[in-house]
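Take a look at the letters that make up each chain.
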Amino acid sequence: MEVKNNDFSVYYDASSQTVFFQGTLRLNGEQEYAGIMQLLEDILKSHPPLITLNLEKLEFLNSSGINTLSKFTIKVRRIGNISLLVIASKNIFWQQHSLQNLQRLFPRLKLEYQ
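What counts, and where the lines are drawn
Residues numbered from 1 in each chain as written. Predicted model: local features only at pLDDT ≥ 70, side-chain atom pairs only at ≥ 80, totals over all residues. Heavy atoms only, no water. Helix = DSSP H or I, 4+ residues; strand = E, 2+ residues; numbered from the N terminus. Buried < 20%, exposed > 50% of the residue type's maximum accessible area, 1.4 Å probe, protein only. Contact = heavy atoms within 4.5 Å. Polar contact = N/O pair within 3.5 Å; in protein donor to acceptor, adjacent residues only side chain to side chain. Core = buried A, V, L, I, M, F, W, Y, C linked by side-chain atoms within 4.5 Å. Expected span 1.5 Å × (residues − 1). Phe/Tyr/Trp six-rings, centres within 6.5 Å; stacked < 30°, edge-to-face > 60°. Lys NZ or Arg CZ within 6 Å of the ring centre and 35° of its normal.

Where do I start with the side chain of Ser 70 in this structure?
With respect to the helices, strands and loops of the structure, Ser 70 is situated in helix 3 (residues 63-79). Judged by relative accessible area, Ser 70 falls into the buried class, the value being 15%. Once you skip the residues sitting within four places of it in the chain, Ser 70 turns out to touch Leu 102 and Leu 105.

Which parts of the structure should I look at to understand the side chain of Gln 95?
On the secondary structure map, Gln 95 appears in helix 4 (residues 93-98). A polar contact of 3.0 Å, which involves the side chain of Gln 95, links it to the backbone oxygen of Leu 58.

Whenever I open this one, the nonpolar core confuses me. Can you help?
What tends to happen in soluble globular proteins is that the nonpolar side chains get buried as a cluster. Core analysis: the largest hydrophobic core is formed by 33 residues, its most contacted members being Val 19, Phe 21, Leu 25, Ile 36, Leu 53 and Phe 72. Looking at this core, the elements that each hand over two or more residues are strand 2 (8-13), strand 3 (18-25), helix 2 (34-45), strand 4 (50-61), helix 3 and strand 5 (83-88). It is helix 2 that provides the largest number of residues to this core, a total of six residues. Dropping the residues within four chain positions of it, Leu 25 is found in contact with Phe 8, Val 10, Tyr 33, Ile 36, Leu 58, Phe 60, Leu 61 and Asn 62.

Please clarify how helix 3 should be interpreted in this entry.
Each α-helix turn comprises 3.6 residues. Residues three or four places apart therefore point the same way. End to end, helix 3 covers 25 Å across 17 residues, agreeing with the expected 24 Å (1.5 Å per residue, within 8%). Of all the residues in helix 3, the buried ones are Gly 65, Thr 68, Leu 69, Ser 70, Phe 72, Thr 73 and Val 76. Buried residues along helix 3 sit against strand 3, helix 2, strand 4, strand 5 and helix 5 (100-105). Positioned one or two residues after helix 3, Gly 80 has a phi angle of 90°, which is positive.

In this structure, what is going on with the packing of aromatic side chains? I would like to understand it.
Remark: the centre distance and the inter-plane angle together describe each pair of aromatic rings, the angle taken between the planes. Per the counting criterion, the structure on display carries one aromatic pair. Ring geometry for Tyr 11 versus Phe 20: centroids 5.1 Å apart, planes at 20°, classification stacked. Taking the relative accessible area as the measure of exposure, Tyr 11 reaches 26% and is therefore partly exposed. Geometry around Phe 60 places Arg 26 over its ring, the cationic atom sitting 4.3 Å from the centre.

Right under this line is the structure:
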């Protein structure tokens, strides 16, 4: 499963149950993020015990993208039996500033900075 264009790539590696985000995500609104949200929801349908979101190579994510990640985090929390790990870069400012909010939405979410 993959969603990409010239600026970004979001793909799922089923063997590691990891979604990799790379590049710059500046899509406009919920409709343009629908493909990424569908990819994430399709993963949820398989009920893996753990989903990892690897954001280490995601240089920029706008507010619509952060909203998409927040909605996904809430969906994982509601399911209840899936753990969520977010791997971030300590060298990318927006990640340190914004990703902690995901833990507020889902206290069991594990956030690791590489």
